[in-house]
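Observations on chain architecture
This is what each chain is made of:
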Amino acid sequence: MSRIHILSNRLPFSVKNESGEFCLEPSVGGLATGLKSVYKSYNGTWIGWSGIVSDSLDAVASSQVEELLNKEACATVPLSQEDIELYYEGFSNKTIWPLFHYFTQRTEYNEKEWGAYEQVNRKFADRALSVLEPGDTIWIHDYQLFLVPQLIKERMPTVTIGFFLHIPFPSFEIFRQLPWRMELINGILGSDLIGFHTYDYERHFLSSVRRLLGYEIILNKIFTSDRVIMVDAFPMGIDFDRFNRQSFLQAEQTPMESSDFHQELNAFMQQSPNRKLILSIDRLDYTKGIPHRLKAFRHFLQSHPEYHQKVTLIMLAVPSRDNVEQYQILKKEVDELVGNINGVFGSINYTPIWYFYRSLPFEDLVSLYRLCDVLMVTPVRDGMNLVAKEYVASRTQGDGVLVLSEMAGVAKEMSEALIVNPNNETEMSLALFQALEMTPAEQKQRMAIIQQRIKRYDVFKWADDFVEALFKVQALQNDLAAKKITTSIRRQLVERYNLAQNRALFLDFDGTLVPFHKDPQAATPDSELLEVLERLCRDNRNHITIISGRDKVFLEKHLGHLPVNMIAEHGIWHKQHHQAWNMPSIVNNTWIPDIRPILESFVDRTPGTFIETKGYSLVWHYRNAEPEQAEKRANELKDALTHFIANLNIEIMEGNKVIEVKNGGINKGVAALQILGQNRPDFLLAAGDDWTDEYMFRELPDHTISIKVGLNRTRALYKIESVKEMRSFLKELAWTLT
Ligand code: ADQ
């Protein structure tokens, strides 16, 4: 079984210096716990930054830290103060973080920080490569390391790479604003499996891939020229049992056994038994909607005076990224709002908001989750939000209400919560009222459903699912690669070619000999291709046929000077070399005036599409159109045409980003057999890239060396990755010494 390594910005330990002695303190967060179980059981290493800047350690100290971490199967990536400022606080948190959370006005674009991001990603990749062995698996985490998958894949292609994004992936209209969008997207696509918290983020990502790179996407698989990449949603869970157990434990504790914080809370509740508590917990971040929540609470107090003295908001904000100016500004805004609300609605014995700007130990966090009647999680954007899940896991009493923003990934899993729009103060205030008034029976009913779900899909199940999907993608790639022409198969084919005395080669044009181009008229043979074809033709044992969907004018213009056979329009026109073009089957084009207006109406309604008129067929091209709209229109067009063609002897054929209407019964398979005639070659090769070529693979005799260019399913005997590879193979044949 292959080893699985983890790569993340931070290692799952904090390094402490206690009176000159370094020691490690393990992170107890859910993610660290879930992933520890993965890398430990698969014998891997966790690679990341230790949390101490390298300039603050001398050589002896840094090797001590390194040694301590090695004992825990961790490998460190040293980062300097400058790295942290430019790569982490800079590009990661001033560019990607705000942009991916839709805060375009806060997004800064800084060349120097981008340079540092690239350079630090390279450091992470280098460190990973020093640990990785061919065939290993690595799971990379989050937006700080977008470029690493590609950097690893380029240098060690046999490593299986998983990538999980913990924050939202924004819609294309947002993502496109990034000057380095191509670098970022190509970086992620070095992965074999890409995971997001929700289907929406997955959808946005696929849409960016489609628009920026034009790769073929079938369901959740991306087909690049040489690989297939799987994309899926894995909603991250928490260590449910840990919160649940702690909560049960606290229910049984005597006051003396519990923490000071817990005792203080209990004392307060005894003095004010009718007080309802609302909880709010986040890192102090502008994505979390803290000011919005405070304003909604103010709105609630204004509209419900009957609740004065009867409700308290406990607001916990964990200091976060406080070196970044925007976070300092937010802190000031929150301080002022809290002061204002407490000033207006408070009295000597009533403080509406208890505000804590600090982190709390786990036990105290659970005390709060247990004690508070309502949890308000109302971020303006949040990848998932684990606080909501932790609250649910801690409600061993079975009651409690969640007021949840629809902008948090977690809302997708908790439709039983009260779902609100965080920008709608009135709605949030109403939801708060509804939460406070909800009967215990209804609370329990809603909570039970959520609890079941969160318990089942915990962080361990999440990690297991991701790992299982990694194995699945490995198997899929092996399956797709099963027909790949290996070096030894290639050698055998060249040998067979050398021994043969009568060779026939059927070669498709677009996608096989030349790559696709936005403008089909610009996809012409270049000098390299012409040289290969000329050279192949020079050997009089070779009979080359270019078999294409192109019209005869195009083929004649670009290849007419070569002694090759040509088949145009998928088989309507034939030309044996040195002879004139002829039409071996009876076809007509009287249907064209009836069908053309249908295609024209689709061109009018779908910008970027156009009609190509060949002698006996019509083609609607949609490669340059907005991809999602074009796919939809392509289906509509097929539908519309089906009604019309029933009584005409014509058929619809779908190629690569084209829909072609042509005479029935004519295809590349029939055409290839006609060209072959009585000839019985002892080396017969057919190569093509799309399903119009599958006719050829089906009709030609069994001993044909059929080659599919690309990775999709095929009836061909072999697959070759790309046009480039195909050319290299043909070159080898052309230059072989016989
Ligand atoms: P975060 O933005 O950090 O995570 P979240 O998922 O809510 O957001 O996790 C916060 C964690 O910090 C929780 O485990 C919580 O218990 C803890 N915490 C918060 N306040 C605390 C306090 N005062 N004291 C102690 N602990 C406190 C990013 C993304 C999220 C995504 C996670 C995981 O922004 O959208 O859910 O990663 O993928």
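The structure this text deals with has already been given above.
A few points on the structure.

**So, the overall build of the protein**
Check the secondary structure of the protein and you find 25 helices and 28 strands. Summarising its shape, the C-alpha atoms of the protein cover approximately 105 × 65 × 45 Å along the three principal directions. When the 738 residues of the protein are sorted by exposure, 57% land in the buried category. Distance from the positive charge centre (80 side chains) to the negative charge centre (95 side chains) of the protein: 3 Å.

**Here's the deal with the sheet that holds strand S22 (residues 610-613)**
Reading across from one edge, S22-S23-S25-S24 is the order of the four strands in this open sheet, with antiparallel pairing throughout. At either margin of the open sheet sits one strand with a lone partner, and together these are S22 and strand S24 (650-655). Looking at each pair of strands side by side, their axes are set apart by 20° on average, direction ignored. Both S22 and strand S23 (residues 617-621) contribute to a ladder of four bridges, which runs antiparallel. By the bridge assignment, Glu612 is partnered in S23 with Val619. Packing against the sheet, helix H21 (residues 592-605) makes contact with S22, S23, S24 and strand S25 (658-663), and its axis sits at approximately 5° to S23. The sheet contacts of helix H22 (residues 627-645) involve S23, S24 and S25, and relative to S24 the element is tilted by about 165°.

**Digging into the side chain of His574**
Looking at where His574 falls in the secondary structure, it is placed in strand S21 (residues 573-575). Separated by 3.4 Å, the side chains of His574 and Gln674 make a polar contact. Apart from the residues within four sequence positions on either side, His574 is in contact with Met566, Ile567, Ala580, Trp581, Asn582, Pro584, Ala671, Gln674 and Ile675.

**Points about the packing of helix H14 (residues 386-394) against helix H16 (residues 440-456)**
Here H14 crosses H16 at 110°, and the two axes come no closer than 9 Å. Judged by the angle between their axes, H14 and H16 are roughly perpendicular. In this structure, H14 contributes Lys389, Tyr391 and Val392 to the contact, and H16 contributes Met447, Ile450, Gln451 and Ile454. Of the residues that constitute the contact of H14 with H16, the class distribution is five nonpolar, one polar and one charged.

**With respect to the pattern of salt bridges**
Applying the stated criterion to the full structure yields 47 salt bridges. Arg155 is paired through a salt bridge with Asp126; the nearest N and O atoms lie 3.0 Å apart. With a gap of 29 residues between them, Arg155 in helix H5 (residues 148-155) and Asp126 in helix H4 (residues 111-131) connect regions that are remote in the sequence. For Arg155, a relative accessible area of 53% puts it in the exposed group. Where Glu336 meets Lys332, a salt bridge forms, and the shortest distance between an N and an O atom there is 3.5 Å. With a gap of four residues between them, Glu336 and Lys332 both fall in helix H12 (residues 325-345), about one helical turn apart. Counted as one network, the salt bridges with shared partners bring together Arg210, Arg211, Glu626 and Glu628.

**With respect to the site of the ligand**
The ligand sits among 21 residues. The nearest are His166, Leu360, Asp382, Met384 and Glu390. His166 places a polar side-chain atom, nitrogen or oxygen, 2.6 Å from an oxygen atom of the ligand. His197 has a polar side-chain atom sitting 3.0 Å from an oxygen atom of the ligand. At the level of secondary structure, the elements contributing two or more residues to the shell around the ligand comprise strand S12 (276-283), strand S13 (311-318), helix H13 (362-371) and H14.

**Some thoughts on the packing of aromatic side chains**
Per the counting criterion, the structure on display carries 37 aromatic pairs. Centre to centre, the rings of Phe300 and Tyr307 are 5.4 Å apart; their planes meet at 45°, and the pair counts as tilted. Like Tyr307, Phe300 is buried. Relative to Tyr391, the ring of Tyr369 lies with its centre 6.2 Å away and its plane at 75°, an arrangement referred to as edge-to-face. Taken as a pair, Tyr369 in helix H13 and Tyr391 in helix H14 lie far apart in primary sequence, 22 residues in all. Taking the relative accessible area as the measure of exposure, Tyr391 reaches 0% and is therefore buried. One aromatic cluster is present, formed by Phe100, Phe146, Phe163, Phe169, Phe175, Phe196 and Phe205 through successive ring pairs. Sitting over the ring of Phe13, Lys36 keeps its end group 4.9 Å from the ring centre.

**Things to note about helix H18 (residues 487-499)**
In this model H18 runs 19 Å from its N-terminal to its C-terminal C-alpha over 13 residues, within 8% of the 18 Å that 1.5 Å per residue would give. Turning to H18, its buried residues number three or more, namely Ile489, Arg490, Leu493, Val494 and Tyr497. On an axial view of H18, the arc spanned by its buried residues comes to 135°, and they lie on one face. Facing away from the buried surface of H18 by more than 90 degrees, the exposed residues are Arg491 and Leu499.

Calculation notes
- Residues numbered from 1 in each chain as written.
- Predicted model: local features only at pLDDT ≥ 70, side-chain atom pairs only at ≥ 80, totals over all residues.
- Heavy atoms only, no water.
- Helix = DSSP H or I, 4+ residues; strand = E, 2+ residues; numbered from the N terminus.
- Buried < 20%, exposed > 50% of the residue type's maximum accessible area, 1.4 Å probe, protein only.
- Lys, Arg positive; Asp, Glu negative; His and termini not counted.
- Charge placed at Lys NZ, Arg CZ, Asp CG, Glu CD.
- Pairing = 2+ DSSP bridges.
- Axes fitted to C-alpha atoms, helices over the stretch in contact; angles between N-to-C directions.
- Contact = heavy atoms within 4.5 Å.
- Polar contact = N/O pair within 3.5 Å; in protein donor to acceptor, adjacent residues only side chain to side chain.
- Parallel < 35°, antiparallel > 145°, perpendicular 65-115°, else oblique.
- Nonpolar A, V, L, I, M, F, W, Y, C, P; charged D, E, K, R; others polar.
- Salt bridge = Lys/Arg side-chain N within 4 Å of Asp/Glu carboxyl O.
- Near = heavy atom within 4 Å.
- Phe/Tyr/Trp six-rings, centres within 6.5 Å; stacked < 30°, edge-to-face > 60°.
- Lys NZ or Arg CZ within 6 Å of the ring centre and 35° of its normal.
- Expected span 1.5 Å × (residues − 1).
- Arc of directions from axis to C-beta.

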